[in-house]
Amino acid sequence: MRHLVDTDLDLVVKAGFMYLPLLFDPAIEREIHTPPKSNTLIEHDGRRFIKTFSLRSLLENYEKIYPESYERLRSACLQKYCHSPSLSRISVDAKLRTILFHVMPYFIRRNRGLERGRLSEKAILDLIGEKNRIPARCYKDATKFLDTDSLRGVLDDLEEQGATTDPLKDGLISARELREWLLHALELKIVDNEKGILRQALQEREQFSEAQRKYLAMLLYISEKGSLEIDGFGFSRMGMTDEYVIYKHTGEYALKDYYGRIYLFPDCRVAVSTIVPLKPVVLDTYKHPFLEGHDAGQPICLRGFNPPRVFTAANVIDALQEGINALLYGYSSRRRNGYHSLDRITRYVGTIDSDESIIPEEDYPVISTRHARSVSFDDYRVSEDHPNMASGQVEITNNYTP
């Protein structure tokens, strides 16, 4: 497309679509000698033109098709109106606020002996302030953030600009004319988009007062850093996007096998991302009966659980709890459910066990096997007098009778 607008070709506009000249080719000429009735081919001044792209679609999708070109246009356009894009980009996105003020309180209140009632935003930010040193630049950004007068002035200036552009008239135009129309239309689109960003920024900033400058600085610091961990709960931004990975540490826990032997499992992070569906995974390299392999980022086997397809605080909490509960409480020592069993088992075929029931391998060591455990948990096995077990520091979480 960018090469097209730099040529000296004649083009035709018809009903919002661009038609390009059909280059002469004898085979094509024979094929279209009696063309069917359609809008694919048109004739203008004795020349044939072929339908290509929608002008509206080009305008709406230019940013995705040519992101670098669009960003250069955007920067030049905003400078033209004396507007610094960074002025409206000092922000705290809605997903981050949801994580901080609606998901995090659920997971940290028990650890700190806090009341069951929901923590206020101020209490959350005070807690964050206790554990983090906020840089001075964040207080400067907070001051800029609260300066709504300058932001409103820029918005007023942009409001004076037109928001629409006249469509191209049907008929013959040059590639240069197309280029001029496209640049003008993109400029107005950029201005219109920026006005929406500024309106949203103003609405967000007017919620704060000068007395909240300290808390605003904390929010901006967290937004800039993109990650935080408190009392085993944490989150981290995914690259340069506005999406996050939200996680909760399990802490150490123990499971028992069919014979009552104890397996001490290390801490891991159960996580969901803000990208739906909200399916729990284990972030770390880890092994467990409910994990198929041993790699990081494995989904947890959750029978009967339908991952939520809408990002809300309640759905994130439910998904995290499902994943944590599965690891800690889901494994049945008698049923040996999951991808793997803690104790080594084998299915046998033959006169000894014709119904293929599960029999411990050590009971019949000489019989040939058909199925063996693929992940070993022997290195996790500990005795009852292990310090963490004897002291009660670690709980056997599946110590129940189904």
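A brief look at the structure comes next.

Quick look at the packing of helix 3 (residues 55-65) against helix 10 (residues 175-205) now. Here helix 3 crosses helix 10 at 55°, and the two axes come no closer than 11 Å. Accordingly, the angle class assigned to the pair helix 3 and helix 10 is oblique. When the axes of helix 3 and helix 10 are compared, the crossing they make is right-handed. On helix 10, the residues that touch L55, L58, L59, E60, Y62 and E63 of helix 3 are L178, W181, L182, A185, L186 and K189. Here the contact of helix 3 with helix 10 is built from residues that sort into nine nonpolar, no polar and three charged.

The step from V276 to P277 runs through a cis peptide bond, and the omega angle for that step is 0°. In this fold, P277 is placed in the loop between strand 11 (269-273) and strand 12 (281-282). The backbone of D231 shows a phi angle near 50°, a positive value even though the residue is not glycine. If you trace the backbone, D231 turns up in the loop between strand 6 (227-230) and strand 7 (233-237). Residues other than glycine seldom take positive phi values, yet R336 does so here, at roughly 50°.

This paragraph deals with the pairing of strand 3 (residues 41-44). The pairing of strand 3 with strand 4 (residues 47-54) spans four bridges and is antiparallel. Among the inter-strand pairings, I42 is bridged to a residue of strand 4, identified as F49. If you look at the hairpin formed by strand 3 and strand 4, you'll find two residues sitting between the two strands, and D45 has a positive phi there, around 55°.

Side chains I262 and L264 project from strand 10 (residues 262-265) onto one buried face, and the interleaved Y263 and F265 project onto a second face that is buried too. Counted between consecutive antiparallel strands, the loop separating strand 9 (residues 253-256) from strand 10 contains five residues, among which G260 sits at a positive phi close to 85°.

Turning to the sheet that holds strand 1 (residues 10-14), a few remarks are in order. Spatial ordering of the open sheet is given by 3-4-2-1-5, a layout of five strands whose pairing is antiparallel. Edge positions in the sheet fall to strand 3 and strand 5 (171-174), since each of these pairs with one other strand and no more. Across this sheet, the average inter-strand angle for adjacent strands is 40°, counted without regard to direction. Set on the sheet, helix 3 makes contact with strand 1, strand 2 (17-21) and strand 4; between it and strand 4 the angle comes to about 40°. Its contacts with the sheet put helix 10 on strand 1, strand 2 and strand 5, and the angle it makes with strand 5 is roughly 85°.

Here we take up the nonpolar core. L100, I128, F233, F235, I246, F265 and I300 are the most contacted members of the largest nonpolar core, which totals 63 residues. Looking at this core, the element that brings in the most residues is helix 12 (residues 313-329), giving nine residues. Residues contacting L100, with those up to four places away along its chain left out, are P105, I124, I128, L219, I222, L228 and F235. Counting residues in hydrophobic clusters, the runner-up holds 27 residues, among them L58, Y62, W181 and L198.

Calculation notes
Residues numbered from 1 in each chain as written. Predicted model: local features only at pLDDT ≥ 70, side-chain atom pairs only at ≥ 80, totals over all residues. Heavy atoms only, no water. Axes fitted to C-alpha atoms, helices over the stretch in contact; angles between N-to-C directions. Helix = DSSP H or I, 4+ residues; strand = E, 2+ residues; numbered from the N terminus. Parallel < 35°, antiparallel > 145°, perpendicular 65-115°, else oblique. Left-handed = near helix turned anticlockwise from the far one by under 90°. Contact = heavy atoms within 4.5 Å. Nonpolar A, V, L, I, M, F, W, Y, C, P; charged D, E, K, R; others polar. Pairing = 2+ DSSP bridges. Buried < 20%, exposed > 50% of the residue type's maximum accessible area, 1.4 Å probe, protein only. Core = buried A, V, L, I, M, F, W, Y, C linked by side-chain atoms within 4.5 Å.

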